Amino acid sequence: MSHFHKYDRPQLGRTVSVPVLIVGAGVIGTAVACELTARGVACTVIDERDAGGRATQASAGMLAPYVEGHENGPLLDLGIRSLALYDEWVARLTRDAGLDVEYRRVGTLEIALDADHAAQLRATSARDAGVTRTWLDPADARARHPALGSIAGALFTPTHGYVAARQLTAAQAAAAVKGGAAFHRTRATRIERGGDVLRVITSTGALTARSVVLAAGAWGSDIDVAGSSIPPLRPVRGQLLHLGWRGHPIETIIWGPECYIVPRTDGSLLVGATVEDVGFDERATAAGVRDLLDAACDLLPGGWGATFLSVNVGLRPAAPDDLPVLGPDERMPGLIHASGHYRNGVLLAPLTARLIADWIVDEKRDPAFAVLHPNRFFRGV
Ligand SMILES: Cc1cc2nc3c(=O)[nH]c(=O)nc-3n(C[C@H](O)[C@H](O)[C@H](O)COP(=O)(O)OP(=O)(O)OC[C@H]3O[C@@H](n4cnc5c(N)ncnc54)[C@H](O)[C@@H]3O)c2cc1C
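Model, not experiment: these values are computed from the prediction.

Calculation rules
Residues numbered from 1 in each chain as written. Predicted model: local features only at pLDDT ≥ 70, side-chain atom pairs only at ≥ 80, totals over all residues. Heavy atoms only, no water. Near = heavy atom within 4 Å. Polar contact = N/O pair within 3.5 Å; in protein donor to acceptor, adjacent residues only side chain to side chain. Areas by Shrake-Rupley, 256 points an atom, 1.4 Å probe, with all protein chains shown as cover. Helix = DSSP H or I, 4+ residues; strand = E, 2+ residues; numbered from the N terminus. Domains from an automatic or database assignment. Contact = heavy atoms within 4.5 Å. Axes fitted to C-alpha atoms, helices over the stretch in contact; angles between N-to-C directions. Parallel < 35°, antiparallel > 145°, perpendicular 65-115°, else oblique. Left-handed = near helix turned anticlockwise from the far one by under 90°. Nonpolar A, V, L, I, M, F, W, Y, C, P; charged D, E, K, R; others polar. Pairing = 2+ DSSP bridges. Buried area = accessible area lost by both parts, 1.4 Å probe. Salt bridge = Lys/Arg side-chain N within 4 Å of Asp/Glu carboxyl O.

## Overview of the site of the ligand
Taken together, 37 residues surround the ligand, and among them D47, T56, M62, Y342 and R343 come closest. Separating an oxygen atom of the ligand from a backbone N or O atom of M62 is a distance of 2.7 Å. Burial of the ligand by the protein chains amounts to 99% of its free accessible area of 1,000 Å². Only α1 (27-38), β2 (43-47), α2 (55-58), β18 (307-318) and α9 (345-362) provide two or more residues apiece to the shell around the ligand. Residues from two domains meet in the shell around the ligand; each of domain 1 (15-58 + 166-232 + 321-378) and domain 2 (106-160 + 235-318) gives at least three.

Here it is as structure tokens:
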């Protein structure tokens with residue numbers, strides 16, 4: 001059964017007015033739609049594909065701010081804030097949408113394969129005071145996780161976890177529809193001002209809205225915005241393997257130097273991910289699959305006996321500073337950006353939805369907008 005929400009397919013063909021228009025039905029656009037409808041705001045979502053059909057469908061869905069945010073202050077703060085919303089977010093979604101969402105806080109085990117990396121991980125854990133993290137020496141780690149190969153130690157962070165990104169997105173879309181949101185399959189080509197509303201030209205007609213949320217992922221920069229400039233987002237390809245696993249059960253997310261491994265409840269494993277600058281090319285490659293298999297089997301030698309189920313590919317949306325692009329566009333009142341989530345769109349979806357809804361409903365400007373605002377790339381222009 002497909003988890004994707006099915007669209008209605010009206011031919012717009014004329015100008016239709018809506019209160020809030022969301023461009024893009026990935027994990028970000030559907031999260032914003034879900035939050036807005038929960039607050040009683042009618043919204044319309046447009047996408048040329050099924051919900052979650054682009055970067056989101058390839059995501060491993062890890063929720064691991066202390067790993068992803070090692071080097072990055074704002075990203076770590078955002079990740080911690082969003083992770084804190086997750087229990088309630090998933091509970092609300094499953095209740096409102098009536099769909100199951102696989103979500104588990106199984107922790108991450110960061111693996112050091114040599115002494116230098118072990119020392120680095122121990123230093124990191126000492127720096128993150130106040131966070132419960134446990135250092136495991138090699139014997140201890142392998143006693144707890146017998147599938148591991150030879151390692152130099154491991155850092156366990158119990159608060160981390162994962163969510164099934166496609167199921168999450170399907171549930172967000174379904175909850176939004178139950179709350180009154182409409183989904184149309186069409187492509188936005190241009191956004192322009194039309195009096196006190198914004199006019200969005202699409203491949204099937206025009207829509208006007210007081211607020212337009214741009215959540216078009218890596219493709220956002222393709223949309224022509226009259227009177228403003230879209231931040232220069234670039235696509236970063238990621239390949240993700242799905243393997244059938246028959247060895248000792250894997251109880252936690254394993255994060256090695258060259259790949260990570262996410263254990264799903266059906267016993268299968270996700271192995272990700274490549275990070276490739278190859279433009280808008282969504283194809284899987286032999287080299288990508290080989291590199292991920294090599295890296296996974298360095299961590300789990302039994303991996304060579306796994307069955308190969310599939311490879312998924314997505315283009316992550318990345319801004320020049322690799323931080324999200326969030327908040328109102330000062331040059332184009334009514335236009336709100338929600339993109340550039342790069343490697344952490346699933347983790348950051350609940351927080352993004354809350355901050356964007358706070359702005360649309362109450363004009364509440366979260367302090368994070370001061371760092372993440374879309375106009376940061378155009379100072380002095
Ligand atoms: C291999 C891989 C693994 C990942 N693992 C993780 C992870 O473990 N944890 C995590 O948090 N994140 C992870 N990510 C990152 C995460 O998937 C992305 O950050 C997230 O999916 C971005 O969501 P989005 O909604 O912005 O973009 P997308 O999912 O790409 O959605 C954008 C949508 O906009 C639509 N669109 C584009 N242009 C237009 C237009 N002109 N008109 C109408 N619609 C348009 C597209 O069709 C698409 O549906 C991973 C990504 C990849 C590729």
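What follows continues from the structure just given.
## Concerning the side chain of T44
With respect to the secondary-structure elements, T44 resides in strand β2. Sequence-distant contacts of T44, defined by excluding residues within four places in its chain, comprise V18, V20, L21, I22, A182 and H184.

## A closer look at the packing of α1 against α9
Interhelical geometry of α1 versus α9 gives an angle of 45° and a closest axis separation of 8 Å. Judged by the inter-axis angle, α1 sits oblique to α9. In this structure, α1 meets α9 at a crossing whose hand is right-handed. Residues V27, I28, A31, V32, E35 and L36 of α1 pack against G345, V346, A349, T352, A353, R354, I356, A357, I360 and V361 of α9. Looking at side-chain class alone, the contact of α1 with α9 contains twelve nonpolar, two polar and two charged residues.

## Regarding the sheet that holds strand β3 (residues 62-63)
What the three strands build is an open sheet, ordered β3-β8-β4; its pairing is antiparallel. The sheet is open, and its two borders are formed by β3 and β4 (103-104), each paired with just one other strand. Sheet topology note: the β4/strand β8 (residues 161-163) ladder contains two bridges and is antiparallel. Within the sheet, the bridge partner assigned to R104 lies in β8 and is Y162.

## With respect to the environment of T274
Summarising the element assignment, T274 is placed in the loop between β17 (268-272) and α8 (286-299). Sequence separation between T274 and F378 is 104 residues, and the spatial gap between their C-alpha atoms is 30 Å. Once residues within four sequence positions are removed from consideration, T274 is found in contact with R237, G238, Q239, G288, L292 and R316. For T274, the side chain forms a polar contact with the side chain of E276, separated by 2.6 Å.

## Section: the domain arrangement of the protein chain
We note that the domain assignment places domain 1 (15-58 + 166-232 + 321-378) and domain 2 (106-160 + 235-318) within the protein chain. With centres defined by C-alpha atoms, the gap from domain 1 to domain 2 works out at 32 Å. Counting residues at the interface gives 16 residues for domain 1, matched by 15 residues for domain 2. For the pair domain 1 and domain 2, the summed buried area comes to about 1,300 Å², and 56% of that belongs to carbon and sulfur atoms. For the salt bridge of R49 with E282, the shortest nitrogen-to-oxygen distance reads 3.3 Å. Here domain 1 is connected to domain 2 by four residue pairs in polar contact (both at pLDDT 80 or more). Among the elements of the structure, α2 and α7 (165-178) are those that each provide at least two residues to the side of domain 1 that touches domain 2. Across the side of domain 1 that touches domain 2, the residue classes tally to six nonpolar, five polar and five charged.

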